[in-house]
Structure formats: C-alpha cells, structure tokens
Amino acid sequence: MTKNVRTRFAPSPTGYLHIGGARTALFAWLYARHTGGTFILRVEDTDAQRSTDASSRQILDAMEWLGLDWDEGPFYQSQRLDLYKSYVDKLLEEGKAYWCECSPEELEERRKIALEKGGKPKYDGACRTKGLGPGPGRVVRFNLPQSGITSFDDMIKGKITVDNSELDDLVLIRSDGMPTYNLTVVIDDALMNVTHVIRGDDHVNNTPRQVLLYTALGFDLPVFAHVPMILGADKTRLSKRHGATSVTAYKDMGYLPEALVNYLVRLSWSHGDQEIFSREELISFFDIQDVGRSAAVFNPEKLIWLNHHYIKTGDPHRIAGLLPDFIKARGYSVPDRTYLDRIVQDVRERTKTLEEIVDFGDFYFSEKEPPEGLKADFFKPELAGVFRSLVARFEKIDLSVKEQAEESVKGLLEETGMKFKVLAQPMRIALTGKTVSPGIFEIIATLGNERVIPRLKKALAYMEGQE
RNA sequence: GACCCCAUCGUCUAGAGGCCCAGGACAUCGCCCUUUCACGGCGACGGCGGGGGUUCGAAUCCCCCUGGGGUCGCCA
C-alpha cells in the first residue's frame, strides 16, 4: 500500500497572495486532490517584523475565493515556537549547531569584501569553534559539513547536486529568539508528515541545506517538486511593474476564480492540446510528472480570453449574483435579480470581465443621454414620422417579450418600406446613448416598456425639434 | 562574481529518435455571417538559439557556446 499523499501550502503573511504563490498552491492542492491525499495550510509567520494578521486573512480569503480548500490547518508557526526550540536544543547538545556572536553589520562587511574578491559571500564560520553559549545579540547557526556533496531528486527538475563547500552555516535562531524559515519548514514538513514538498523554484538553492537539516534532525526526506517561476513580459520575475500580481486584484477587476485557476494551471503544465478545464478534469488529469521545467511568462491577454470564455459560457444567474459589488462601485443602485440575469445574457458575448458588464451595460442601470454629436447625426428630422409610429406601436405591447417587439418593428418596416438598417442605429442610440450595444431587441426586452418608451420619446422630441 | 536551473511560433504549450519540411491555444491580420459591437466560422502570418557530435535517421540523446532565470539575508 502506498503512503497517503500529503501536500501543503506555506505562505508567509507579509503581503497579499501573489499570482505565483497561487499557482504553487493550486499545484499542491491539485496533487493532493488527484491522489486522494491531504492538503495542509500552514502560515509561516516567524518574521515578527513583517507578518500581519491582515495579510493572513487576505491570503486565506484569496485561497477560498480560488476554491483551494484545505483539510488541515491553518497552522501558525508563531504558535509552535517551543517545538522548534526543543529541536534546536537537541542540535546544540549534539554539536550540530552553535552560538554565533557576529553582528549583522560585521557580516555585511565581510560579505562585501568576499564579493569584491570574487568569492562566494557566505558565512566564514568564525564562531564555529568558539564554544559560545547563549547571550544577547547572539544567534544559533547550523554546523553543516564543510566537504562532500548533497543531492536530492526533484520530481520536476530531476537530480540536483551541490557541493557542500558552497553552503554556509545558516542561522537557525535569530538574536530575538525567533526561529528562521529553513529550520521551521523542515521541522513542520517532517512533523506534519508532508510527503511532497511542492514549492517555487526560488527554493531550489535552499533545499540542499534543508536536506542536511533533515538528516541532522533524524527525519526522513519528503519528495521535492520545485515549480518553475512565473515571469513578466520582459522575462524578469513577475512583479508590480508588470501589472496586477495579487489574486485579490484580479477578483476586484472582475475576473472569475475559475478563469484564474484555468489560466494559472496552464503555466508550466499541460494536458495535450486542451486549454479549457473544469475543476473535475483538473483533479483527474493533474500530475506533477506533467509539469514542465522552464519558467513561463504571464500573459494577461490569455487570462482575459479565458475570463471571457467563462463569462459567456457560465451560469448567467450565478454571474448576475457577482455583479452587485461592481454596480455599487460605479454608483448605481442594484436592480432586482431577474433584471440582472437578463443583462448578463444580453451582454456577456461582448464583455470580458464583470467590471466590463457594468460599464458596457451602463444604460441598463441609468438612462444615458447620447452625446450631442450622435444626436445630430442620427436623430434626423426625417425619422420623426417612423419614430412616432414606433412609439405608438410599442405603447400597445409588452416589450419584455422579445417576439412582440420584433413583430411590431417588422410590421412597421413593411408598412413604411423602410430598411431596418436605417432605423437600428437611431434606436440603439436612443436606448443606450451609444453606437455599440447588444442586439436591439435584446435590449428592448430587458429594458421593458417603462424604460424604452420614455427614451424613444426623448429621441423623437429631438427629431421634432429639428423640423 | 560564484553556484543551481532552464532553452519549440511574440506568449502559453504539444512533441518522450522516424507518425513533424513541427500540432493546438492566446494575440495580430484578412474573409464570411450581421441591426452596431461582439460571438461564431474559415484562412493567413509566425518557431525547434548557435556549433559540434551519436545515429541509417534528431525538435527529441551527448558536449561546448550563447541567452535567460534563480540563489548567495538574523525574508520566506
């Protein structure tokens, strides 16, 4: 029987959930779900200076929004300090760790000199043999082997080998008594029985030192899988310079979680030529074996294409339910749900985000006065007659039934011998204030008599005023 | 600078020695549909970084070069 898979996502609450972090979390979550394993959430808040509760909450919210639910946790490392300390004591006793009194300033200085000499700016081991005890300003360092090699098998990258002489004695306990990342991550992954450590590429270089720590602590090694980075258009690490990088920002811009998930999963992972994946498909298809080794460039255009795809194929009722926040943000009052449902169905083929639904469909929420130029161009006096008949006909029927309006206009066209093309734009402008909109009859049906008639009359009055 | 990693269209990728004078998707550009704009359909443009090997045969294997990324913190 194979060991039950256990994966985890371990964000540090020093900011929002980054797109790259979200993709890593997604992979770890998918792998757990795919294998029927367990997904753990662990907040790595050992940096007391920068960690905040607000960040923690925001990250958890973003995870939930993406639908990445966890089976265990969230665990907070700041609540496990005694645990880490007991392991460090053990290392100290066994001579596998030692106290160091070098100050950050001197270390910085020495690093600079080493760099100038063209060497590796690593800790020189000055305190290794001093036999120091605890004291103010002192840290605990890991006493790692100075020779030999360390290697591990990465599920994505393959075998990675590093000469131990490249490594230096990392800090385990800071001078303020707080443990550091490399220590806590190893202890927690081991104690939480994490079987697959799935994390960003930027951790590859930390891994050999952690492997050494696992060994020193007497733990079994997990399997490592380092996911390639996501880069910006200029192929440098994705950052704010490249646009929005937080999951929350995409939510606020009107992206759907399924679109972001679908976009993110295709970065460095693929399943043949398939582009669109349901959550169920993702769970059944996803495997770390299929994750590529090279970095991917974040392409906002493709994300927006996917978002549009999900907007135009998703359940309109559900999408309508997501609209109120965006409607309020534009200062409109929120109409009833049935009306919203119809709006979504009217506009979704031409709107790529929830925000766009509200902007493109602005005329649904309030009457939009057409610009003077449009009125002059389209509300020609010679149209007054037809418009008058149009209004008269519309007043007698229920416009919310699309067929009735269609029949009515058809009759009018037959009667006057006029082409619909001539009537369409003036009607559109009268109803929406602009030249681009959903189909005329869709608009009419959604707007209904109480909105359509006054707008048409207003246009008619303008035409008559020109006569 | 040192170390680690990576390298197929502009971008995401398929491709695990012959099925590939390289397939799909986004973007771009045409055409069709059409009440505007879209949607949809059809088509076009566009790539195996370079050089050596291995092999009957290489996008696929090996080496070098080049290019790119990552790390070198009392951040994670």
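Residues numbered from 1 in each chain as written. Chains lettered and ligands numbered in written order. Predicted model: local features only at pLDDT ≥ 70, side-chain atom pairs only at ≥ 80, totals over all residues. Heavy atoms only, no water.

Moving on: the pattern of salt bridges. The final tally for this structure, using the stated rule, is 35 salt bridges. Of the charged contacts in the structure, one is a salt bridge between Lys434 and Asp362, with a shortest N-O distance of 3.0 Å. Separated by 72 residues along the polypeptide, Lys434 in the loop between helix 19 (420–432) and helix 20 (440–447) and Asp362 in helix 15 (residues 362–365) bring together distant segments of the chain. For the residue pair Lys434 and Asp362, the accessibility class agrees, reading buried in each case. (Salt bridge = Lys/Arg side-chain N within 4 Å of Asp/Glu carboxyl O. Helix = DSSP H or I, 4+ residues; strand = E, 2+ residues; numbered from the N terminus. Buried < 20%, exposed > 50% of the residue type's maximum accessible area, 1.4 Å probe, protein only.)

Attention shifts here to helix 13 (residues 337–347). For helix 13, the full list of buried residues reads Tyr339, Leu340, Asp341, Ile343, Val344, Asp346 and Val347. Buried residues in helix 13 make contact with helix 11 (316–321), helix 12 (324–329), helix 14 (354–360), helix 15, helix 20 and helix 21 (449–466). At the N-terminal boundary of helix 13, the capping side chain belongs to Asp336, with an oxygen 3.0 Å from the backbone nitrogen of Thr338. (Contact = heavy atoms within 4.5 Å. Polar contact = N/O pair within 3.5 Å; in protein donor to acceptor, adjacent residues only side chain to side chain.)

Here the focus is the confidence of the model for chain A. Looking at chain A, pLDDT values average 95 and 99% of them are 70 or higher. For this predicted complex, the interface score ipTM comes out at 0.96, alongside a pTM of 0.95. (pLDDT = per-residue confidence, 0-100.)

This paragraph deals with the protein's contact with RNA strand B. With respect to spatial proximity, 63 residues lie near RNA strand B, and among them Arg174, Ser268, Glu349, Arg350 and Ser437 are the closest. Here the atoms of RNA strand B within 4 Å of the protein split so that 69% fall in sugar or phosphate, with bases taking the remainder. Contact between RNA strand B and Arg50: a sugar or linking oxygen at 2.8 Å from a side-chain N or O atom of the residue. For RNA strand B, a base nitrogen lies 2.8 Å from a polar atom in the side chain of Asn206. Elements supplying a minimum of two residues to the surface near RNA strand B: helix 4 (104–116), strand 5 (139–142), strand 7 (158–163), strand 12 (296–297), helix 10 (300–313), helix 19 and helix 20. In terms of residue count, helix 10 provides more of the surface near RNA strand B than any other element does, 5 residues in total. Partitioned by chemical class, the residues of the surface near RNA strand B number 19 nonpolar, 22 polar and 22 charged. (Near = heavy atom within 4 Å. Nonpolar A, V, L, I, M, F, W, Y, C, P; charged D, E, K, R; others polar.)

Time to look at the packing of aromatic side chains. In this structure the tally under the stated criterion is 15 aromatic pairs. In this structure, Arg141 packs its charged tip against the face of Tyr123, placed 3.6 Å from the ring centre. Stacked on the ring of Phe360, the Lys or Arg Lys434 has its end atom at 5.2 Å from the ring centre. (Phe/Tyr/Trp six-rings, centres within 6.5 Å; stacked < 30°, edge-to-face > 60°. Lys NZ or Arg CZ within 6 Å of the ring centre and 35° of its normal.)

For the pair helix 17 (residues 384–394) and helix 21, the least separation of the axes is 9 Å and the interaxial angle reads 160°. As judged from the angle between their axes, helix 17 and helix 21 are roughly antiparallel. As helix 17 packs across helix 21, the resulting crossing turns out to be left-handed. When helix 17 is examined against helix 21, the residues Ala384, Phe387, Arg388, Leu390, Val391 and Phe394 are found in contact with a partner set consisting of Asn449, Val452, Ile453, Leu456, Lys457, Ala459, Leu460, Met463 and Glu464. (Axes fitted to C-alpha atoms, helices over the stretch in contact; angles between N-to-C directions. Parallel < 35°, antiparallel > 145°, perpendicular 65-115°, else oblique. Left-handed = near helix turned anticlockwise from the far one by under 90°.)

Omega for the peptide link from Gly73 to Pro74 comes to 5°, which places this bond in the cis form. For Pro74, the position within the fold is in strand 3 (residues 72–76). Located in the positive-phi region is Lys235, a residue other than glycine, with phi close to 65°. Mapped onto the elements, Lys235 comes out in the loop between strand 11 (230–231) and helix 7 (247–252). Exposure remark for Lys235: the relative accessible area of 60% places this residue in the exposed category.

Over its 13 residues, helix 4 extends 18 Å from the first C-alpha to the last, a length consistent with the 18 Å expected when each residue adds 1.5 Å. Positioned one or two residues after helix 4, Gly118 has a phi angle of 85°, which is positive. (Expected span 1.5 Å × (residues − 1).)

For the rest of this paragraph, the subject is the environment of His309. With respect to the helices, strands and loops of the structure, His309 is situated in helix 10. Look at His309 and you get buried, because its relative accessible area is 19%. C-alpha separation for the pair His309 and Arg348, spaced 39 residues apart in sequence, amounts to 9.3 Å.

Moving on: the nonpolar core. The nonpolar side chains of a soluble globular protein tend to be buried, and buried together. Counting residues in each nonpolar core, the largest one holds 101 residues, and the members touching the most others are Met63, Phe298, Phe394 and Ile444. With 10 residues, the single largest contributor to this core is helix 1 (residues 19–35). Those residues within four positions of Phe298 in sequence are excluded, and the remaining contacts are Ile19, Ile230, Leu231, Leu238, Tyr250, Tyr263, Leu264, Leu267 and Leu303. In this structure, Ile160, Val162, Met192 and Ala216 belong to the second largest nonpolar core, which totals 34 residues. (Core = buried A, V, L, I, M, F, W, Y, C linked by side-chain atoms within 4.5 Å.)

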